[in-house]
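What the coordinates show
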Amino acid sequence: PALAQLVAERAAAAGGRFSLGLSGGSLVGILARDLPPAAAAAAGPAAPARWLVAFCDERLVPPEHPESTAGAYKVS
């Protein structure tokens, strides 16, 4: 929850567009569980609709592949 809260706070402090780079591994489970509730509380310029989310270690595989970071977040 602390990491998700930090992300939401940084988004609010950005005052507009907010960029978030996501990696895979154990971070998937942590953020998939805790970030949606923290982000849902954000409004206005900090709203998730204004976020740019990038997958930093995405492999060149389809989302259904077990090595896909984007697929891991989608499933979680």
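Look above for the structure.
The following refers to the structure shown. (Residues numbered from 1 in each chain as written. Predicted model: local features only at pLDDT ≥ 70, side-chain atom pairs only at ≥ 80, totals over all residues. Heavy atoms only, no water.)

Some words on the overall build of the chain
Scanning the chain from terminus to terminus reveals three helices and two strands. From first element to last, N terminus to C terminus, the chain shows the α and β order α-β-α-β-α. Over its C-alpha trace the chain gives a radius of gyration of 13 Å, about what one expects of a compact globule, namely 11 Å for 76 residues. Expressed along its principal axes, the backbone C-alpha trace of the chain runs to roughly 35 × 20 × 15 Å. Here the chain holds 76 residues, and the buried ones make up 30% of them. Put simply, of all contacts in the chain between residues at least 6 apart along the chain, 66% involve residues at least 24 apart. Only carbon and sulfur atoms are counted for the fraction: they give 62% of the accessible area of the chain, which is about 4,700 Å². (Helix = DSSP H or I, 4+ residues; strand = E, 2+ residues; numbered from the N terminus. Rg over C-alpha atoms; globule rule 2.2 N^0.38 Å. Buried < 20%, exposed > 50% of the residue type's maximum accessible area, 1.4 Å probe, protein only. Contact = heavy atoms within 4.5 Å. Areas by Shrake-Rupley, 256 points an atom, 1.4 Å probe, with all protein chains shown as cover.)

Section: the packing of helix α1 (residues 2–14) against helix α2 (residues 27–40)
As a packed pair, α1 and α2 sit with axes 8 Å apart at the nearest point and diverge in direction by 55 degrees. Compared by their axis directions, α1 and α2 come out oblique. Crossing handedness for the pair α1 and α2: right-handed. Contact residues: Leu3, Ala4, Gln5, Val7 and Ala8 in α1; Leu27, Ile30, Leu31, Asp34, Leu35 and Ala38 in α2. (Axes fitted to C-alpha atoms, helices over the stretch in contact; angles between N-to-C directions. Parallel < 35°, antiparallel > 145°, perpendicular 65-115°, else oblique. Left-handed = near helix turned anticlockwise from the far one by under 90°.)

With respect to the side chain of Ser68
Relative to the helices and strands, Ser68 resides in the loop between β2 (51–55) and α3 (69–75). Within the structure, the side chain of Ser68 is placed 2.9 Å from the backbone nitrogen of Gly71, a separation counted as a polar contact. (Polar contact = N/O pair within 3.5 Å; in protein donor to acceptor, adjacent residues only side chain to side chain.)

With respect to the nonpolar core
Counting 14 residues, the largest nonpolar core has Val7, Phe18, Leu20, Leu35 and Trp51 as the members making the most contacts within it. Elements supplying a minimum of two residues to this core: α1, β1 (18–22) and α2. Among the elements that line this core, the one with the most residues is α2, at five residues. Those residues within four positions of Leu35 in sequence are excluded, and the remaining contacts are Ala4, Val7, Leu20, Ile30 and Trp51. (Core = buried A, V, L, I, M, F, W, Y, C linked by side-chain atoms within 4.5 Å.)

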